[in-house]
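# Structural overview
Each chain is listed here by its residues.
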Amino acid sequence: QVQLVESGGGLVQAGGSLRLSCAASGSIFSINAMGWYRQAPGKQRVLVATFTSGSNTNYADSVKGRFTISRDNAKNTVYLQMNSLKPEDTAVYYCNARLITRATMRTSDYWGQGTQVTVSS
């Protein structure tokens, strides 16, 4: 089984910073992509930032210049540094990994449990 465990959410004032972490564990053969999505109340889940193939990154336009995704491959961990936070960044942030497990040798998507980020004005 694969688990994605997130941490680092919380309450912050506008203009502040938070750092999210997501560690993947289990019988992982390889990770093809890993990153962050968010879902605000009443809205669909949308991409925030992700590593795609190789070291390529993809950011939502709304977070470019403010958020930075990074990773530690040895730990199967990705981070999201969020600076200059705005009230509209308030959402549940979910970690996603597209990976191959040793058990199935097939690519599947996995999601973390989500971590709440609240930005007060």
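Placed above this text is the structure.
Read on for a plain summary of the structure.

What counts as what
Residues numbered from 1 in each chain as written. Predicted model: local features only at pLDDT ≥ 70, side-chain atom pairs only at ≥ 80, totals over all residues. Heavy atoms only, no water. Buried < 20%, exposed > 50% of the residue type's maximum accessible area, 1.4 Å probe, protein only. Helix = DSSP H or I, 4+ residues; strand = E, 2+ residues; numbered from the N terminus. Pairing = 2+ DSSP bridges. Phe/Tyr/Trp six-rings, centres within 6.5 Å; stacked < 30°, edge-to-face > 60°. Lys NZ or Arg CZ within 6 Å of the ring centre and 35° of its normal.

Along strand 11 (residues 115-120), the buried face is formed by Thr115, Val117 and Val119; none of Gln116, Thr118 and Ser120, which line the opposite face, is buried. One ladder, built from four bridges, connects strand 2 (residues 10-13) with strand 11; its direction is parallel. Bridge pairing in strand 11 links Leu11 to Thr118. Bridge count between strand 9 (residues 91-101) and strand 11: three bridges; the pairing is antiparallel. Looking at the pairing, Tyr93 lines up with Thr115 of strand 11.

Moving on to the pairing of strand 5 (residues 46-51). Across a regular strand the side chains alternate sides, sitting on one face of the sheet and then on the other. Bridge count between strand 4 (residues 28-39) and strand 5: five bridges; the pairing is antiparallel. What sits directly across from Met34, in strand 5, is Phe51. Direction of pairing for strand 5 relative to strand 6 (residues 57-59): antiparallel, over a ladder of three bridges. When the sheet's bridge partners are listed, Phe51 is paired in strand 6 with Thr57. What sits between the antiparallel neighbours strand 5 and strand 6 is a turn of five residues, in which Gly54 has the positive phi angle 65 degrees.

Before going further, it helps to examine the packing of aromatic side chains. Within the structure shown, the criterion is met by one aromatic pair. Both rings, one in Tyr37 and one in Trp111, keep their centres 5.1 Å apart while their planes meet at 70 degrees; by these two values the pair is edge-to-face. Here the residue Tyr37 occupies a position in strand 4, and Trp111 occupies one in strand 10 (residues 107-111), the gap between them amounting to 74 residues. We classify Trp111 as partly exposed; its relative accessible area is 38%. One residue, Arg45, lies across the ring of Tyr94, its end atom 3.6 Å from the ring centre. Directly above the ring of Phe51 sits Arg71, whose terminal nitrogen or CZ lies 4.3 Å from the centroid.

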